[in-house]
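# An overview of the molecular structure
Residue-level listing of the chains:
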Amino acid sequence: MSSVVFKSLILGAPASGKGTISSRIIQNFNLQHISSGDKLRQNIQKKTEVGNEAERYIKDGKLVPDDIMIKFISSEIKKVPNQMWLLDGFPRTVSQAEALWKVEKLDLAINLVVPFQVIINRVKDRWIHLPSGRVYNVGFNAPKVPGKDDVTGEPLVQREDDKPEVVLKRLELYKQMTKPVIEFYKDKNILKDFHGETSDEIWPKVLESLTFYLPFKSQTNNNN
Ligand code: G5P
Ligand code: MG
């Protein structure tokens, strides 16, 4: 089945692999990836108004207030004229989910289910390329040259909120605030759970599921 528009999102605990799986999805399907965390970090780096506001929450592992996030992501969604998008990191609270549902009915919510202990072990090795959001992990998908982005050669950085004490706080907040979002989408009958300990284990299941909704990118354009 192919649809004219496709509005989707990816849910999962901090460092469950949302960014990793999203990048594989957009390599294969014609969807625009909108990662709230990547966009906020880019705004922090550029010292924009929303970046300055968000920074004080993010560095402590707290959630940015709903009103700021709803406004911010709504404007990012509007930038995608063909309405083929994959949200990552939004919504994170039931209020955000309700606000989104009022204006956009989604087709699919992908939920990554990865054990917390696996997550705690992997975040300490995460390195990112801030301008693009490309993510690496020593031992899993290490950069070709240590400390350098594969595409641009620019330096990689570690995230402020990947310090062990902040990660634990983020996991706790996830249990309290984001688990109810999963129930929200279950009630709407669009939730699909994908279990696994590694992204390589989860990815084929996501791929198979998406082929039900979308044609492969190579069939729709020649860019990739
Ligand atoms: P983010 O940026 O949305 P999180 O906490 O939801 O942050 P995060 O940390 O970005 O999610 P992820 O995208 O789920 O994680 O995971 P990832 O980056 O792909 O993978 C994690 C690491 O594991 C990487 O190094 C990757 O290479 C590696 N990896 C992946 N798979 C495997 C594997 O199989 N094996 C191994 N060994 N490694 C693997 O949000 C950040 C902050 O922004 C604010 C909040 O303050 C939030 O804390 N924020 C919001 N606040 C309010 N509302 C919202 N909607 C907000 N959105 C963002
Ligand atoms: Mg991410």
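Here the structure is a predicted model, which is why all the values come from computation and not from measurement.

### Quick word on the site of ligand 1
Taken together, the neighbourhood of ligand 1 is formed by 33 residues, with Thr 20, Lys 62, Arg 92, Arg 170 and Ser 199 sitting nearest. Between an oxygen atom of ligand 1 and a side-chain N or O atom of Arg 126, the distance comes to 2.7 Å. Take Tyr 136: an N or O atom from its main chain is 2.8 Å from an oxygen atom of ligand 1. Here ligand 1 has 1,100 Å² of accessible area as a free molecule, and 94% of this is covered by the chains. Put simply, the parts of the chain that give the shell around ligand 1 at least two residues each are helix H1 (18–28), helix H2 (36–45) and strand E6 (134–137). The greatest single-element share of the shell around ligand 1, amounting to 4 residues, is contributed by H2. Of the residues assigned to the shell around ligand 1, the class counts are 12 nonpolar, 12 polar and 9 charged.

### A few points about the packing of helix H6 (residues 116–123) against helix H7 (residues 164–187)
Taken N-terminus to C-terminus, the directions of H6 and H7 make an angle of 145°; their axes are 11 Å apart at the nearest point. Relative to H7, the crossing made by H6 is right-handed. Only Val 167, Leu 168, Leu 171, Tyr 174 and Lys 175 of H7 make contact with H6, whose side of the interface consists of Phe 116, Ile 119, Ile 120 and Val 123. Looking at side-chain class alone, the contact of H6 with H7 contains 8 nonpolar, no polar and 1 charged residues.

### Considerations on the UniProt feature "binding site: GTP" (unreviewed entry) in the protein chain
UniProt annotation of "binding site: GTP" (unreviewed entry) refers to Arg 126, Val 135, Tyr 136 and Ser 199 when read in the numbering used here. Maximum C-alpha separation among the annotated residues is 14.1 Å over a sequence range of 74 residues, consistent with a single clustered spot. Counting through the fold element by element, Arg 126 comes out in strand E5 (residues 126–129). Arg 126 gets classed as buried once you look at its relative accessible area, which sits at 11%. For Arg 126, the residues in contact, after removing those within four places along its chain, are Ala 15, Val 135, Tyr 136, Asn 137, Gln 158, Arg 159, Asp 162 and Arg 170.

Procedures and definitions
Residues numbered from 1 in each chain as written. Chains lettered and ligands numbered in written order. Predicted model: local features only at pLDDT ≥ 70, side-chain atom pairs only at ≥ 80, totals over all residues. Heavy atoms only, no water. Near = heavy atom within 4 Å. Polar contact = N/O pair within 3.5 Å; in protein donor to acceptor, adjacent residues only side chain to side chain. Areas by Shrake-Rupley, 256 points an atom, 1.4 Å probe, with all protein chains shown as cover. Helix = DSSP H or I, 4+ residues; strand = E, 2+ residues; numbered from the N terminus. Nonpolar A, V, L, I, M, F, W, Y, C, P; charged D, E, K, R; others polar. Axes fitted to C-alpha atoms, helices over the stretch in contact; angles between N-to-C directions. Left-handed = near helix turned anticlockwise from the far one by under 90°. Contact = heavy atoms within 4.5 Å. UniProt positions renumbered as here; feature names shortened; annotations may be inferred. Buried < 20%, exposed > 50% of the residue type's maximum accessible area, 1.4 Å probe, protein only.

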